[in-house]
Amino acid sequence: MLEVKCFATLRKYAPPEGKISFSPGMRVGDVLTTLNIPEKEVKVVFVNGRHSPLNTLLSDGDRIGIFPAVGGG
Amino acid sequence: MGKREIGLFPASLERNFDALTVEDQKVLLDSCVLVVGCGGLGGYVLEILSRIGVGQLIVADGDKFEESNLNRQILCTRDTLGKNKARVAAERISLIAPHCKVEPIDKFLDKGDLARLIPQVDIVVDASGGIGFKRLILYMCRTLKRIVVCGSVAGFEGFVTSVSPASRDPSDFFRGEEEEGAEHILGSPAPTVSIVATLQTLEVVSYLCWKRLNLVNKVLYISLRGLEFELLSL
């Protein structure tokens, strides 16, 4: 399984229980596709707490945080 | 700490000791901070920096207070509606800390303003709103080799990070068109704004007094609905 958290305006795309199933070869971009998150809305992704590009290869048990633009002051 | 030494400082700072040492307090009084934006984040940042004894503040904002600011902007009251935010900030600081030298700039800073002001200060606080302007502040601080402490808010979430000239930065959070910022949909409630601003001031004090930044190459992301704080690596 992958643990996926969607933040701010992306919260509506969060999977039930915050988890999706993992299959070998999955990349961050595949998580967005699985959850129907438009790539344009995603500005930053962290995998296991590290800023990571969309082509990052995932491992079973990874924690993924997906963020939109946040710029309020 | 000896009472005689503490007595050298304005009496209003007495309760900073011994959290701060005499040396720390001297450093703060000798420091100059540029705070870009005197609205939500900026109002709380200035409240804290003036009360802790920063000696010089350059405060900039071209905006005027309006009713929709009352939900979160500490400088916004019924009395200050319609007034320029930087000027109101300077007035309030003079009432809290008359020893603090304040330079209010009642305009939205452009690239030329930033190029003139950033070299004059020890550290910059990005308390602005809007992803486009945040990108400009990051770029100018990197170019002019100053540290900037960034704060950003959207709804009950927000983050703080410190950027040094050689560090990674949070500019990916500021990518896209201006209206893409999540704050346009989720708003900016007071709890998030005040906490993010408070964390920004801690980075400023830590840098000025102890030459230590806790959030370089890191983002402290807060989700207040679940009281979650996540320390992420850029």
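Presented here is an overview of the structure given in this document. Computed from a prediction, not measured in an experiment: that's the story for all the values here. (Residues numbered from 1 in each chain as written. Chains lettered and ligands numbered in written order. Predicted model: local features only at pLDDT ≥ 70, side-chain atom pairs only at ≥ 80, totals over all residues. Heavy atoms only, no water.)

## Section: helix α2 (residues 22-29) of chain B
Line of reasoning, step 1. Along α2 of chain B, the residues classified as buried are V22, D24, Q25 and L28 of chain B. Viewed along the axis of α2 of chain B, the buried residues span an arc of 160 degrees, placing them on a single side of the element. (Buried < 20%, exposed > 50% of the residue type's maximum accessible area, 1.4 Å probe, protein only. Helix = DSSP H or I, 4+ residues; strand = E, 2+ residues; numbered from the N terminus. Arc of directions from axis to C-beta.)

## Overview of the pairing of strand β6 (residues 157-163) of chain B
Consecutive side chains along a regular strand alternate between the two faces of the sheet.
Residue and element names in this part refer to chain B.
Line of reasoning, step 1. Among the seven residues of β6, seven are classified as buried, and the element is accordingly described as predominantly covered.
Line of reasoning, step 2. Residues E157, F159, T161 and V163 point to one face of β6 and G158, V160 and S162 to the other, with burial holding for every one of them.
Line of reasoning, step 3. Taken together, the seven bridges between strand β5 (residues 148-154) and β6 define a ladder with antiparallel strand orientation. Residue pairing for β6: V153 is matched across the bridge by G158.
Line of reasoning, step 4. Here β5 folds back onto β6, and the loop between the two strands holds two residues, one of which, G155, carries a positive phi near 60 degrees. (Pairing = 2+ DSSP bridges.)

## What to know about the packing of helix α3 (residues 40-52) of chain B against helix α8 (residues 190-210) of chain B
Residue and element names in this part refer to chain B.
Line of reasoning, step 1. α8 packs onto α3 with a crossing angle of 45 degrees between their chain directions and a minimal axis gap of 8 Å. Between α3 and α8, the interaxial angle falls into the category oblique. Along this stretch, α3 crosses α8, giving a crossing that reads as right-handed. Taken together, the residues of α8 that come into contact with α3 (itself represented by G40, L41, Y44, V45, I48, L49 and I52) are A190, V193, S194, V196, A197, T198, Q200, T201, V204 and V205.
Line of reasoning, step 2. Classifying every residue of the contact of α3 with α8 gives 12 nonpolar, five polar and no charged. (Axes fitted to C-alpha atoms, helices over the stretch in contact; angles between N-to-C directions. Parallel < 35°, antiparallel > 145°, perpendicular 65-115°, else oblique. Left-handed = near helix turned anticlockwise from the far one by under 90°. Contact = heavy atoms within 4.5 Å. Nonpolar A, V, L, I, M, F, W, Y, C, P; charged D, E, K, R; others polar.)

## Some remarks on empty space enclosed by the protein
Residues and elements named next belong to chain B.
Line of reasoning, step 1. A complete count under the given rule lists one cavity of 30 Å³ or more for this structure.
Line of reasoning, step 2. Of the volumes computed, that of the largest cavity is approximately 50 Å³.
Line of reasoning, step 3. Together, L138, C141, R142, R146, V148, V163, S164, P165 and D169 line the largest cavity.
Line of reasoning, step 4. Here the element with the most residues in the lining of the largest cavity is helix α6 (residues 131-143); it accounts for three residues. (1 Å grid on protein atoms, 1.4 Å probe; cavity = no way out; pocket = protein on both sides within 12 Å on 5 of 7 lines; lining within 4 Å. Points joined across faces, edges and corners; volume = space filled by probe spheres on them.)

## Some points on the pattern of salt bridges
All names here are of chain B.
Line of reasoning, step 1. One pass over the full model with this rule turns up 15 salt bridges over all chains.
Line of reasoning, step 2. The residue D126 makes a salt bridge to K134 at a minimum N-O spacing of 3.0 Å.
Line of reasoning, step 3. Looking at D126, the relative accessible area reads 0%, which means it is buried.
Line of reasoning, step 4. Judged by its relative accessible area of 0%, K134 falls in the buried class.
Line of reasoning, step 5. For the salt bridge of R175 with D172, the shortest nitrogen-to-oxygen distance reads 3.6 Å. (Salt bridge = Lys/Arg side-chain N within 4 Å of Asp/Glu carboxyl O.)

Such coordinate-based values are descriptive only and should not be taken to indicate function.
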